Amino acid sequence: MHLAYPAVLSALLFCTGLYGVLARRNAILVLMSVELMLNAVNLNLVAFDVWLSRTARDTLHSGQALTLFTIAIAAAEIGIGLAIVLAVYRNRGTSDIDRLRDSAEGHETDGTDPDTPDPDTPEAEKTEATA
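Below is a summary of the structure that appears in this document. (Residues numbered from 1 in each chain as written. Predicted model: local features only at pLDDT ≥ 70, side-chain atom pairs only at ≥ 80, totals over all residues. Heavy atoms only, no water.)

## What about the overall build of the chain?
Selection rule: Each helix is a run of DSSP H or I of at least 4 residues and each strand a run of E of at least 2, with the numbering of both proceeding from the N terminus. Relative accessibility decides the category of a residue: with a 1.4 Å probe and only protein chains considered, values under 20% of the type maximum give buried, values over 50% give exposed, and everything between is partly exposed. All accessible areas in this document rest on Shrake-Rupley with a 1.4 Å probe, and a residue is counted as covered only by the protein chains that are shown.
Of the regular secondary structure elements, the chain holds 5 helices and 0 strands. From first element to last, N terminus to C terminus, the chain shows the α and β order α-α-α-α-α. Counting the 131 residues in the chain, one finds 20% classified as buried. Of the roughly 9,800 Å² of accessible surface on the chain, a fraction of 64% belongs to carbon and sulfur atoms.

## Observations regarding the pattern of salt bridges
Threshold: Here, a salt bridge means any side-chain nitrogen of Lys or Arg that lies within 4 Å of a carboxyl oxygen of Asp or Glu.
As enumerated under the stated definition, the model contains 2 salt bridges in all. With a closest N to O distance of 3.0 Å, Asp 98 and Arg 25 form a salt bridge. With Asp 98 in helix H4 (residues 97-105) and Arg 25 in the loop between helix H1 (4-23) and helix H2 (27-55), the pair connects residues that are 73 residues apart, well separated along the chain. Residue classification places Asp 98 among the partly exposed residues on the basis of a relative accessible area of 23%. Classification of Arg 25 by relative accessible area gives partly exposed; the value is 41%.

## A word on the packing of aromatic side chains
Let me state the cut-off plainly: Ring pairs are drawn from Phe, Tyr and Trp, using the six-membered ring of Trp, whenever the two centres fall within 6.5 Å, and their geometry is named by plane angle: stacked under 30 degrees, edge-to-face over 60, tilted for the rest.
Going through the model one piece at a time under the given rule, you end up with 1 aromatic pair. Note on Phe 48 and Trp 51: the rings are 6.2 Å apart at their centroids and 85 degrees apart in plane angle, and the pair reads as edge-to-face. Taken together, the positions of Phe 48 and Trp 51, both in helix H2 and 3 residues apart, correspond to about one turn of that helix. Phe 48 sits in the partly exposed class, given a relative accessible area of 35%.

## Concerning the side chain of Thr 94
Condition: Distance and chemistry together define a polar contact, namely a pair of N or O atoms within 3.5 Å, with one atom able to donate a hydrogen and the other to accept it when in protein, and with adjacent residues in sequence counting only for side-chain atoms on both sides. Contacts: residue pairs with any heavy atoms within 4.5 Å of one another.
Among the structural elements, Thr 94 can be located in the loop between helix H3 (62-92) and H4. Among the polar contacts listed, one links the side chain of Thr 94 to the backbone nitrogen of Asp 96, at a separation of 3.1 Å. The contacts of Thr 94, once residues within four sequence positions are left out, are Val 88, Tyr 89, Arg 99 and Leu 100.

## Focus on H3
One turn of an α-helix holds 3.6 residues; hence residues three or four places apart share an orientation. How we decide: Expected span, for any helix, means 1.5 Å times one less than how many residues it has.
Taking 1.5 Å per residue, 31 residues should reach 45 Å; H3 reaches 44 Å between its end C-alpha atoms and fits that length. At its buried positions, H3 is contacted by H2. Positive phi shows up at Gly 93, right after H3, with a value of about 85 degrees.

## Here we look at H1
Our working rule: Throughout, the arc means the angular range of directions from the helix axis out to the C-beta atoms.
The terminal C-alpha atoms of H1, which comprises 20 residues, lie 28 Å apart, in line with the 28 Å expected from a rise of 1.5 Å per residue. Those residues of H1 that fall on the buried side of the exposure criterion are Pro 6, Ser 10, Gly 17 and Gly 20. End-on view of H1: buried residues confined to an arc of 85 degrees, all on one side of the axis. For H1, the exposed residues set more than 90 degrees away from the buried face come down to Leu 12, Cys 15, Tyr 19 and Leu 22. Looking at the buried side of H1, the elements it contacts are H2.

## Focus: the packing of H1 against H2
How we decide: Interaxial angle, 0 to 180 degrees, is taken between N-to-C directions of lines fitted to C-alpha atoms, where a helix line uses only the stretch in contact. To sort the angles, those under 35 degrees are grouped as roughly parallel, those over 145 as roughly antiparallel, those from 65 to 115 as roughly perpendicular, and the leftovers as oblique. Left-handed describes a crossing in which the near helix is turned anticlockwise from the far one by less than a right angle; the clockwise case is right-handed. When residues are grouped by polarity, Ala, Val, Leu, Ile, Met, Phe, Trp, Tyr, Cys and Pro land in nonpolar, Asp, Glu, Lys and Arg in charged, and all others, Gly among them, in polar.
In contact at an axis separation of 8 Å, H1 and H2 are set at 165 degrees when each is read in the N-to-C sense. Relative to H2, the element H1 lies roughly antiparallel. The two elements H1 and H2 meet at a crossing, and its hand is left-handed. From H1, Pro 6, Ala 7, Leu 9, Ser 10, Leu 13, Phe 14, Thr 16, Gly 17, Leu 18, Gly 20 and Val 21 reach across to H2, where they touch Val 30, Ser 33, Val 34, Leu 36, Met 37, Ala 40, Val 41, Leu 43, Asn 44 and Ala 47. Grouping the amino acids of the contact of H1 with H2 by side-chain chemistry returns 15 nonpolar, 6 polar and no charged.

Next comes the structure, spelled out in C-alpha cells:
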C-alpha cells in the first residue's frame with residue numbers, strides 16, 4: 001500500500017476532529033473530537049513507521065512505540081476529562097462550554113462590586129440615614 005492513502009485518511013480525520021473542537025459547544029463532544037485528532041496522529045505514526053521500516057531492516061519501530069504512549073495518554077486524558085465534565089455538570093447543571101464560560105466570568109459588566117449598594121438608589125439612602 002502506498003503511503004499517500006493513510007496520510008490522506010489521517011489528514012481527513014484530523015480536520016474532522018479540528019472542526020469538532022472549534023464548532024461544538026458540548027464538552028463531551030469536544031473531548032471526542034480531541035480523541036479523533038489523536039487517532040489521526042497515531043495513524044500517521046504507524047504509517048510512517050511501516051514506510052521507514054521497509055527502507056532499513058534494522059529499525060526499532062519507534063513510531064509504533066510512540067503510538068502506544070499516545071494511546072495511554074489519550075486514555076488518561078479521557079478519564080480525567082470526563083471526571084471534570086461530570087463534576088461540572090453536577091454543580092452547574094450543564095456541560096455547554098459557552099454557558100460555563102459566561103458563568104465563570106460573572107455578570108457584572110461595569111466592574112462594580114454587586115454587594116455594595118448604589119448611592120443613587122433609595123435603599124442606599126435608607127442605610128446611610130440609619131447609620
